[in-house]
Amino acid sequence: MDSTGPQTTQKIASTPLPFDVANGFYRWLPLIVLVFAIAYGWLLASLTPQALGNVHWLASLETGLPQDLKALVRQVFIGGILAFALLFNLAVVFMLKQPGLAWLSVFMAGVLHCQLVLEQFGLWFIWPDQPQYNALLHISLPLCLIAMGEFTPHFLPLGRRSRRIIHVISLLAFLHLLATPVNIPGVGEASFLGLALAGGAFILLVVLSQVRQHVLARYYGLAFLAILVGAVISFLHTTGWAPSTSFAESAFFLGAAAGSVILTTGAASLLSSAGAAPANDNRGLSVNAPATTDRQDPQQRLMLEVENGLARNSMWLEYQPKVRIRDAKVRSVEALIRWHHPEFGYVPPDQWIPQAEQVGVIYPVTLWVIEQACSEYPHLTARYGDELAIAVNISATDLTQAGFEDKVTSIIARHNMEAKDLILEITETAMMTDPEASRRMIYTLNRKGFRIAMDDFGTGHSSLSTLASFELDELKIDRSFLKGILDHPTRQRIFRATLELGEALDLDVVVEGVEDEAVVRWLQQFPDLYGQGFFWGKPEPACP
């Protein structure tokens, strides 16, 4: 636990996501894909229009300007809604500086083109006498699938396997897009429909698997439902299985616009209200507390800028030593994340990490810290010795992430470290959030050779039987145990009993928050005890 002050309640550990804002290329990938699709479509339509062929779905459409004024007004209205959804998303992307949301803009651009084609409004008003632009549905439809697929990892925390499957679906859609002018047997509207159904079904399964754990998944599920219902109604109308009505004709576009607005407003509202809404994991959506909104407005801003903080090097790690009390030898160091915000200055961990856990952005932070700590390990061993271990903090959310153990294993392998060189600290409260899930992940991590520490012991509600059921290596006693310990024999007896408990479970015991020399002298009566606190050193960078 962070020793910057008694009010600090949590810290972090983590690694850069390969498809996140920390990588400059992927930061601009939505724009790159959109520009490429537009340029590719324009070239095909201008240079080789005959290669585009015909879109069978358009064969039954009437051409020309609708004679019914109501139909014309409806087409203009639907186009306006789609354009509004596109512009609204772009405004939120620029305002919140969240490039991942730009995939929704790509999706809406593709849907807008589909609407202009299928409603014949584009041929009448935008590209008259250029029917080949209608055939660019071969490009805009795969573009929609790519955008929805690539948007998903930015909106929901996914495991490595789910990410890879989505990227494969996007790649196949992109290859389908490229194959537009090439007559390849088996590649056409039917194959794309099959790919779209498979991709949509997989994304839906991913969303449904996270609905209970993540508020953002509920927004995604609602948006996906709107798009799906619209697509189904439009399909039934096209095949003649549903009556022809104005709503049925525009159902897909209305659903797409509604889905885009739901996702955009959902992400924005959750991020902007995170600082003012008390955590409430069991009740789903949290409700803002008006009395605290003004006081916590900076926390709202901070949640919007966590990823930018990682990408712009305004976050860094400092390390505090954990020593063997009898000889003051450093055995390990704890990695503590620091953040200097360009507007708010230094932001203590307890003012943003709990909120980051609530809105679901803590996992990439955790991975970033692990990556950073491992990269700085050689500097730390040069100072403290080759037997040094690094301790990082992980949250309850991290324990529920599929593939978390594989990500951590790949990080240490990339930096030529062994599993024993990394200590994963988990608070007692985090373990008790979901004991069964925590027990399974801790067991897996322990079997891979990682050392597991229970942090802040004494502040949660774990029973002795529950404690014994976890595969632990270290027990960290909360700083509150040392309060007034020199003057209260009862506190001393409780402290001794806790040490005996650790010894009975064959755990290394570390006492936190040691700052006074008199307390250190009293603790030296326990030869196997470890300590951490300002007495032995304040947190400092690996290369001070």
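Overview of the structure. Here the structure is a predicted model, which is why all the values come from computation and not from measurement.

## Here's the deal with the overall build of the protein
Stage number 1. Helices and strands together make up the secondary structure of the protein, namely 24 helices and 9 strands.
Stage number 2. Taking all 544 residues of the protein together, 53% fall into the buried category.
Stage number 3. Residue pairs at least 24 apart in sequence account for 71% of intrachain contacts in the protein once pairs closer than 6 positions are excluded.
Stage number 4. Carbon together with sulfur atoms contributes 60% to the accessible area of the protein, which is approximately 25,000 Å² in total.

## Some remarks on the packing of aromatic side chains
Think of a pair of aromatic rings as described by two things: how far the centres are apart, and how the planes are tilted against each other in angle.
Stage number 1. Inspection of the entire model under this criterion finds 7 aromatic pairs.
Stage number 2. Consider the rings of Phe-495 and Phe-526, whose centres lie 5.8 Å apart with planes at 50°: the pair is tilted. On the criterion of sequence distance, the pair formed by Phe-495 in helix α23 (residues 489–504) and Phe-526 in the loop between α24 (517–523) and β9 (530–532) is long-range, its members being 31 residues apart. We note that Phe-495, like Phe-526, is buried.
Stage number 3. Clustering of aromatic rings is evident, with ring pairs tying together Phe-495, Trp-522 and Phe-526.
Stage number 4. For the cation-ring pair, Arg-439 lies above Phe-470, with the distance from its terminal atom to the ring centre recorded as 5.0 Å.
Stage number 5. Above the face of the Phe-534 ring, Lys-538 is positioned so that its terminal group lies 5.5 Å from the ring centre.

## Some thoughts on unusual backbone geometry
Stage number 1. Of note, Ala-328 is a non-glycine position whose phi angle comes to about 60°, a positive value.
Stage number 2. Inspection of the secondary structure assignment puts Ala-328 in the loop between β1 (315–324) and β2 (329–341).
Stage number 3. Even without glycine at this site, Asp-456 takes up a positive phi of about 55°.
Stage number 4. Summarising the element assignment, Asp-456 is placed in strand β6 (residues 451–457).

## So, a nonpolar patch on the surface
Stage number 1. Among the surface-exposed residues, Trp-28, Leu-31, Ile-32 and Val-35 lie close enough to one another that they form a single nonpolar patch of about 400 Å² accessible area.
Stage number 2. As for its position among the elements, Val-35 is in helix α2 (residues 29–47).
Stage number 3. When its relative accessible area of 48% is taken as the criterion, Val-35 is described as partly exposed.

## Comments concerning helix α17 (residues 377–384)
Stage number 1. Taken together, the buried positions of α17 are occupied by Tyr-377, Leu-380 and Thr-381. Summarising the axial view, the buried residues of α17 lie within an arc of 100°, below the 170-degree limit, and thus occupy one face. Exposed positions of α17 whose direction lies more than 90 degrees from the buried face are Pro-378 and Ala-382.
Stage number 2. Buried positions along α17 lie against β1, β2, α16 (362–375) and β4 (389–394).
Stage number 3. Phi for Gly-385, located one or two positions after α17, is positive at around 115°.

## So, the environment of Gly-449
Stage number 1. For Gly-449, the location among the structural elements is in the loop between α21 (435–447) and β6.
Stage number 2. On the accessibility criterion, Gly-449 (31% relative accessible area) is partly exposed.
Stage number 3. As for Gly-449 and Ala-419, which are separated by 30 residues in sequence, their C-alpha atoms are 5.0 Å apart.
Stage number 4. What Gly-449 contacts, discounting residues up to four positions off in sequence, is Ala-419 and Lys-420.

## Describing the nonpolar core
Stage number 1. Core analysis: the biggest nonpolar cluster contains 77 residues, and Trp-352, Phe-495 and Leu-523 have the highest contact counts within it.
Stage number 2. Broken down by element, this core gets its largest block of residues, 9 residues, from α16.
Stage number 3. When residues no more than four places from it in sequence are discounted, the contact partners of Phe-495 are Ile-477, Phe-481, Leu-482, Ile-485, Val-511, Trp-522, Leu-523, Phe-526 and Leu-529.
Stage number 4. Within the second largest apolar cluster, 53 residues are counted, among which are Ala-37, Val-106, Leu-143 and Ile-146.

## Focus: helix α19 (residues 404–414)
Each full turn of the α-helix corresponds to 3.6 residues, which orients residues three or four apart in the same direction.
Stage number 1. Of the residues making up α19, those classed as buried are Phe-404, Glu-405, Lys-407, Val-408, Ile-411 and Ile-412. In a view along the axis of α19, the buried residues occupy a sector of 160°, so they form one face of it.
Stage number 2. Check the buried side of α19 and you find it contacts α8 (160–178), α16, β4, α18 (396–399), β5 (422–427) and α21.

## Quick notes on the packing of α16 against α19
Stage number 1. Two numbers describe how α16 lies on α19: the axes approach to 9 Å, and their chain directions differ by 25°. Taken together, the axis directions place α16 and α19 in an arrangement best described as roughly parallel. In this structure, α16 crosses over α19, and the sense of that crossing is right-handed. Contacts between α16 and α19 involve Tyr-363, Thr-366, Leu-367, Ile-370, Glu-371 and Cys-374 from the former and Phe-404, Lys-407, Val-408, Ile-411, Ile-412 and Arg-414 from the latter.

## Here's the deal with the pattern of salt bridges
Stage number 1. Taken as a whole and judged by the stated rule, the model has 18 salt bridges.
Stage number 2. A salt bridge links Arg-338 to Glu-318; the nearest nitrogen and oxygen atoms lie 3.3 Å apart. Separated by 20 residues along the polypeptide, Arg-338 in strand β2 and Glu-318 in strand β1 bring together distant segments of the chain.
Stage number 3. A relative accessible area of 14% means that Glu-318 is categorised as buried.
Stage number 4. Salt bridges sharing common partners tie together Lys-322, Glu-334, Glu-425, Glu-474, Lys-476 and Glu-512.

What counts, and at which threshold
- Residues numbered from 1 in each chain as written.
- Predicted model: local features only at pLDDT ≥ 70, side-chain atom pairs only at ≥ 80, totals over all residues.
- Heavy atoms only, no water.
- Helix = DSSP H or I, 4+ residues; strand = E, 2+ residues; numbered from the N terminus.
- Buried < 20%, exposed > 50% of the residue type's maximum accessible area, 1.4 Å probe, protein only.
- Contact = heavy atoms within 4.5 Å.
- Areas by Shrake-Rupley, 256 points an atom, 1.4 Å probe, with all protein chains shown as cover.
- Phe/Tyr/Trp six-rings, centres within 6.5 Å; stacked < 30°, edge-to-face > 60°.
- Lys NZ or Arg CZ within 6 Å of the ring centre and 35° of its normal.
- Patch = residues over 30% accessible without salt bridge, like charges linked within 9 Å, V, L, I, M, F, W, Y side chains within 5 Å.
- Salt bridge = Lys/Arg side-chain N within 4 Å of Asp/Glu carboxyl O.
- Arc of directions from axis to C-beta.
- Core = buried A, V, L, I, M, F, W, Y, C linked by side-chain atoms within 4.5 Å.
- Axes fitted to C-alpha atoms, helices over the stretch in contact; angles between N-to-C directions.
- Parallel < 35°, antiparallel > 145°, perpendicular 65-115°, else oblique.
- Left-handed = near helix turned anticlockwise from the far one by under 90°.

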